[in-house]
Structures are given as structure tokens and as C-alpha cells.
Protein chains: 2
Amino acid sequence: MKTLKIPQATVLRLSLYSRFLEQVAEKGVVTVSSVEIADGVGVNPAQVRKDLAYFGEFGTRGVGYNVKELSQHIRKILGLHQVWPVVLIGAGKLGSALALYEGFQKRSFRIVGVFDNDPEKIGKKLGHLEILPLDRLAEVVEEEGSQIGIIAVPADAAQQVAERLVGVGIKAILNFSPCVLNVGEEVIVQNVDFSVNLEALTFNLQMRRTVQFR
Amino acid sequence: MKTLKIPQATVLRLSLYSRFLEQVAEKGVVTVSSVEIADGVGVNPAQVRKDLAYFGEFGTRGVGYNVKELSQHIRKILGLHQVWPVVLIGAGKLGSALALYEGFQKRSFRIVGVFDNDPEKIGKKLGHLEILPLDRLAEVVEEEGSQIGIIAVPADAAQQVAERLVGVGIKAILNFSPCVLNVGEEVIVQNVDFSVNLEALTFNLQMRRTVQFR
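Calculation criteria
Residues take numbers from 1 onward in each chain, read along the sequence in its written order. Lettering for chains starts from A, numbering for ligands starts from 1, and both go in the order in which the items are written. Where local features are concerned, this predicted model is filtered to residues with pLDDT of at least 70; where side-chain atom pairs are given and counted, the filter is 80 or more; whole-chain, interface and lining totals use all residues. Note: side-chain values were computed over all heavy atoms of the structure, leaving out hydrogens and water. Each pair of strands is called paired provided DSSP finds at least two bridges between the two strands. Labels follow the DSSP assignment, with helices taken as runs of H or I lasting at least four residues and strands as runs of E lasting at least two, numbered in each case from the N terminus. Only heavy atoms enter the contact rule, under which two residues are in contact if any of them lie within 4.5 Å. Axis definition: a line fitted to C-alpha atoms, limited for helices to the stretch in contact. Angles are taken between N-to-C directions and run from 0 to 180 degrees. The cut-offs for exposure are 20% and 50% of the maximum accessible area for each residue type, with area from a 1.4 Å probe on protein chains only; residues under the lower value are buried, those over the upper are exposed, and the others partly exposed. What a helix is expected to span follows from its residue count: subtract one and scale by 1.5 Å. Polar contacts here mean pairs of N or O atoms no more than 3.5 Å apart (in protein, one a potential hydrogen donor and the other a potential acceptor; neighbouring residues in sequence count only if both atoms are side-chain atoms). In this description, one arc is meant: the one made by directions from the helix axis to the C-beta atoms. When the centres of two rings from Phe, Tyr and Trp lie within 6.5 Å, Trp using its six-membered ring, the rings pair. Their planes under 30 degrees apart give stacked, over 60 give edge-to-face, and anything left gives tilted. A domain assignment, automatic or from a database, supplies the domain bounds used here. The term buried area denotes the loss of accessible surface (1.4 Å probe radius) that occurs when two parts are joined, taken as the sum for both partners. What makes a salt bridge here is a side-chain nitrogen of Lys or Arg within 4 Å of a carboxyl oxygen of Asp or Glu, nothing more. Least squares is the method for superposing the copies, and the C-alpha atoms it fits come from residues with pLDDT of at least 70 in both. Gly is put with the polar residues, along with every residue not named as nonpolar or charged; the nonpolar set is Ala, Val, Leu, Ile, Met, Phe, Trp, Tyr, Cys and Pro, and the charged set is Asp, Glu, Lys and Arg.

J.: With reference to specific residues and values, describe the sheet that holds strand β9 (residues 188-191) of chain A.
T.: All names here are of chain A. Ordered by their spatial adjacency, seven strands build an open sheet running β5-β6-β4-β3-β7-β8-β9, and the pairing between neighbours is mixed. Edge positions in the open sheet fall to β5 (125-126) and β9, since each of these has one partner strand only. In terms of strand pairing, strand β8 (residues 172-175) meets β9 through four bridges, oriented parallel. Bridge pairing in β9 places A172 opposite I188. Contacting β3 (84-89), β4 (109-116) and β6 (129-133), helix α7 (residues 137-144) runs over the sheet at an angle of about 165° to β4. This element, helix α8 (residues 155-167), spans β3, β7 (148-151) and β8 of the sheet and lies at about 170° to β7.

J.: Give me the pairing of strand β8 (residues 172-175) of chain B: which residues, what numbers.
T.: All names here are of chain B. Of the two faces of β8, the one carrying A172 and L174 and the one carrying I173 and N175 are both buried. The pairing of strand β7 (residues 148-151) with β8 spans four bridges and is classified as parallel. Across the sheet, residue I148 finds its bridge partner in β8, namely A172.

J.: Which residues make up helix α8 (residues 155-167) of chain B, and what values do they have?
T.: All names here are of chain B. For α8, with 13 residues, the first-to-last C-alpha span of 19 Å sits near the 18 Å given by 1.5 Å per residue. At its buried positions, α8 is contacted by β3 (84-89), α7 (137-144), β7 and β8. Directly beyond the C-terminal end of α8, a positive phi value near 105° is found at G169.

J.: Tell me what's going on with the side chain of B:S177, and back it up with residues and numbers.
T.: All names here are of chain B. When you line up the elements, S177 lands in the loop between β8 and β9 (188-191). A relative accessible area of 4% places S177 in the buried class. Among the polar contacts made by the side chain of S177, one reaches the side chain of N175 at a distance of 2.8 Å.

J.: Give a description of helix α3 (residues 45-53) of chain A that names residues and reports values.
T.: Residues and elements named next belong to chain A. Along α3, the positions that sit buried rather than exposed are V48, D51 and L52. Down the axis of α3, the sector holding all buried residues measures 95°, keeping them to one side. Facing away from the buried side of α3 by over 90 degrees, the exposed positions are K50 and A53. The distance from a side-chain oxygen at the start of α3 to the backbone nitrogen of A46 is 3.1 Å, and the residue carrying that oxygen is N44.

J.: Give a description of the packing of aromatic side chains that names residues and reports values.
T.: Scanning all chains against the criterion turns up 13 aromatic pairs over all chains. Taken together, the aromatic side chains of A:Y101, A:F104, A:F176, A:F194, B:Y101, B:F104, B:F176 and B:F194 make up a single cluster linked through ring pairs.

J.: Talk me through unusual backbone geometry; I want residue IDs and the actual numbers.
T.: A positive phi angle, close to 75°, is found at A:S108, a residue other than glycine. With respect to the helices, strands and loops of the structure, A:S108 is situated in the loop between α6 (103-106) and β4.

J.: Account for the domain arrangement of chain A, with residues named and values stated.
T.: Residues and elements named next belong to chain A. Looking at chain A, the domain boundaries give domain 1 (8-77) and domain 2 (84-195). For domain 1 and domain 2, the distance between their C-alpha centroids amounts to 31 Å. The partner domain 2 presents four residues to the six residues of domain 1 that form the contact. Buried area between domain 1 and domain 2, both sides added, is near 350 Å², and the carbon and sulfur share of it is 14%. Considering only the surface of domain 1 that becomes buried against domain 2, Q8, R19 and R75 emerge as the three largest contributors, covering 82% of it. Viewed at the interface, domain 2 and domain 1 are joined by one salt bridge. Notably, a salt bridge pairs R107 with E22, separated by 3.3 Å at the nearest N-O pair. Our count for the domain 1 to domain 2 interface comes out at three residue pairs in polar contact (both at pLDDT 80 or more). If one sorts the elements of the side of domain 1 that touches domain 2 by residue count, helix α1 (residues 8-26) sits on top with five residues.

J.: I'd love a proper account of the sheet that holds β9(B), names of residues and values included.
T.: The pairing of strands in a sheet happens through backbone hydrogen bonds and is either parallel or antiparallel. All names here are of chain B. Reading across the sheet, the seven strands line up as β5-β6-β4-β3-β7-β8-β9 and stay open at both edges, with mixed pairing between neighbours. What marks the edges here is a single partner per strand, and that holds for β5 (125-126) and β9. Along the sheet face, α7 touches β3, β4 (109-116) and β6 (129-133) and points at about 165° away from the line of β4. Relative to the sheet, α8 contacts β3, β7 and β8, its axis offset from that of β7 by approximately 170°.

J.: Give a detailed account of the relation of the copies chain A and chain B, specifying residues and quantitative values.
T.: Overlaying chain A on chain B yields an RMSD of 0.0 Å, the required transformation being a rotation through 180° with an accompanying axial translation of 0.1 Å. Taken together, the rotation angle and the small translation identify this as a two-fold axis.

J.: Account for the interface of chain A and chain B, naming residues and giving values.
T.: Facing 64 residues of chain A, the contacting portion of chain B comprises 64 residues. Between chain A and chain B the total buried area reaches about 5,800 Å² when both faces are included, carbon and sulfur atoms providing 68% of it. Among the ionic pairs, B:D193 bridges to A:R19, the shortest N-O distance being 2.7 Å. Here chain A and chain B share 22 residue pairs in polar contact (both at pLDDT 80 or more) between them. Looking at the side of chain A that touches chain B, the elements with two or more residues in it are α1, α4 (67-77), α5 (93-99), α6, β7, β8, β9 and α9 (194-213) of chain A. In the side of chain A that touches chain B, the residues fall into 37 nonpolar, 15 polar and 12 charged.

See below:
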């Protein structure tokens, strides 16, 4: 995987700042301070300033940040000033949930094709999308100009699907299978593991108990 | 939400270190250096040492960390030396996928009850679990001693479900609905938003393009 100078955690926080700014913009708020952003997102204000400083000078000392401007800036940094066509492989329970997930549209992502190799699934509909056989993948990726693929297949099929995605020109993969993918250095991979989120909870429950017992 | 002194990003990285250590342990590796952990996880070695330093002294200078010891230490820090019984609300596509998700068992989580209010779903099976009506929630939570609940219901039902979970004594919620939950300070909430993972990809695609065009 490519090494980048901007920490992954900063990118993650930018996504959170972006969501917060859009929430306050909806309420008609014009300016916010780094303290308000920090409070809204649950980090410290110095972190907010440091994260934003990677991308240039924003905000005015003593006045704060213009909500709309900063919001647009961050969306642009995250690449969300354009719509990203995404292909999804796997139309099982998780794949179906992802195909119908409303959160994607809100954030500039559009699922343009759902693929499976199960003849019982091919031809069925998920929302407005028809489940297609995998041999239609190359065609859809080219037609739609997709650079992003989501893998939602069982672990034993994931590596093969990843290679197929890379083979048709996909540059970035969101991997929901519990499997480390082996792809070229030039392909960006993000692994989603739901247990990681649960571990953040148990860590906190654990900490709390330890503190109580002291 | 409760403020903690350990950064959330550190906790997330602990989960990744833990997975890496278990992978190398399976291969029979006895010691690893912070550089090897860092390479395996994609962070820098100083970060690894700093993260681990929050929790005491591990490893020996010039020798590295004992894989099994460190692995057990981190599991304990994350609270994974015990099994956590988890209740899951929502047996739609996403809820069903989560109920059957194999990754949870590997990491000390056990789904002990799946609940829905849809009469068509109640009584059906997801793996070995029968989908139960929501009025059985209190009983299951008490019997199993669950402290963790997962919300996988539509946005318009999420707040009500969250209140119900808190009402029966749940202390930590993993929220898959695209909805900010309003619960007491003493309840820990983690929101899962799949778009955030996609944004990490588009950020990198975007960065790469910017660099190419310079």
C-alpha cells in the first residue's frame, strides 16, 4: 500500500469535521471556532488546528472559520466535490445492505453496479440495480469510469475478486471480507472490520471498571 | 459521551496491533520489533512505542517485544480476555449480516440475541439464533449479562431503540444507523458510517491525482 504523509487518522477526522460542519450549516450557523469543532467531534482544539494546517491556512484568528467555506474545502480535500461511481461485488446479506445503504449517496458515492456469481441472485433487483454476473464487471467499470470497488464476498473468494477488480482497472478497494488482500502497491485498500468498533467500546467499558475498582 | 485520556486513535491502533500480533504468532514468530509492528500495520515505529507506553513498559531494548505476551497484554487492555455477550436490534439485511458475521466470535464477541418488531421476522432463525420480539429484550439482557447493544434499524427508529437499550441497562452502543443518538453521558456510543471508509479511499485517489498534475 502507498505510504502517505498525511496520517490516516487525520483523514478520518476530516470526515468527522466535514459531517459536523454540514450539521451546523443546516442550522444556519455562519462561523465556528476550532473549540466548537473540537467539542462537536470529540477531539481537542489543537488537533483540529493541526489537522487543518496540513492543507493551508483556514479561518481568521479571533473570528473562527466560515462554516460553508471550510466545509467545501474539506469536501474538496476528501475528493467529495465530484460523484464517485462505485462497483460492489457480492450480493449476499451484507452486499445487499450496502447496495441499499443511504449514507453513500449523501457523501458523493453512487453504487453503479452490483455483481455476484450466484445464478439464483443474478437478474434480481436491489433497489434500482439489477444484480449482474461477474463477467459484466469490466464493461460496467469502463462505462461508468469506476475507480472504486467494494468487496462483500466470503473470505475464501475475496482474493480472487480483488485480483479481478484490479484487472479491470479498479484503483481503490473497500474490503469487508475478514481477509488480508494481496494486491499491487499502487492499489489502495481499506479493510472494514466490525469488531474494531466493538473493541473501542469494550476498551472503554474495561477502563471504566478498572477506574472504579481502584 | 465520556471523555477519556487515551486517544480514540490509539485504541483503534491497539486493535490493529492485536490483529498483527495474532497473525505473526500463528506463524510461530516469538519476538517482534516496533519497526516490524509499524510496518505490518502501516504506522510509524515511534507511534507504536508511544501507543504502548500509555499502558506501561513492554519489550526489551534491542530484543523487541515477546509476541505472545504483548498480544495478551493488548487483548486485556481492549477487554478481550473475556467474552462479551452482545444484543443486536434489527434483523433486516444489515442486522442479518451482522448476526452471521464470523469476525465477532474471533474477537471475543458473542451475539446472544437478535430482536425486531416485524411480525414477519420474529420466530425466524439467523444461524442458531431465533429472532425475538423487542419485549423480550430486558429478559435476554439480564439473563446474559449484556452490556453492549448493536443498533441496525432504520434511522427513524434508532433513537427509540437506543432509549430502550439504555432502559434495560445497556452501557455501550454500536450504532449502524445514520443518526446521531441522544443518550446519557454515561453510555458509550460508537457510530459506524461506511462512507467514512470510502472517504479515506477518495482522499488518497484525490491526493495521487493532485501530485500527478503538479
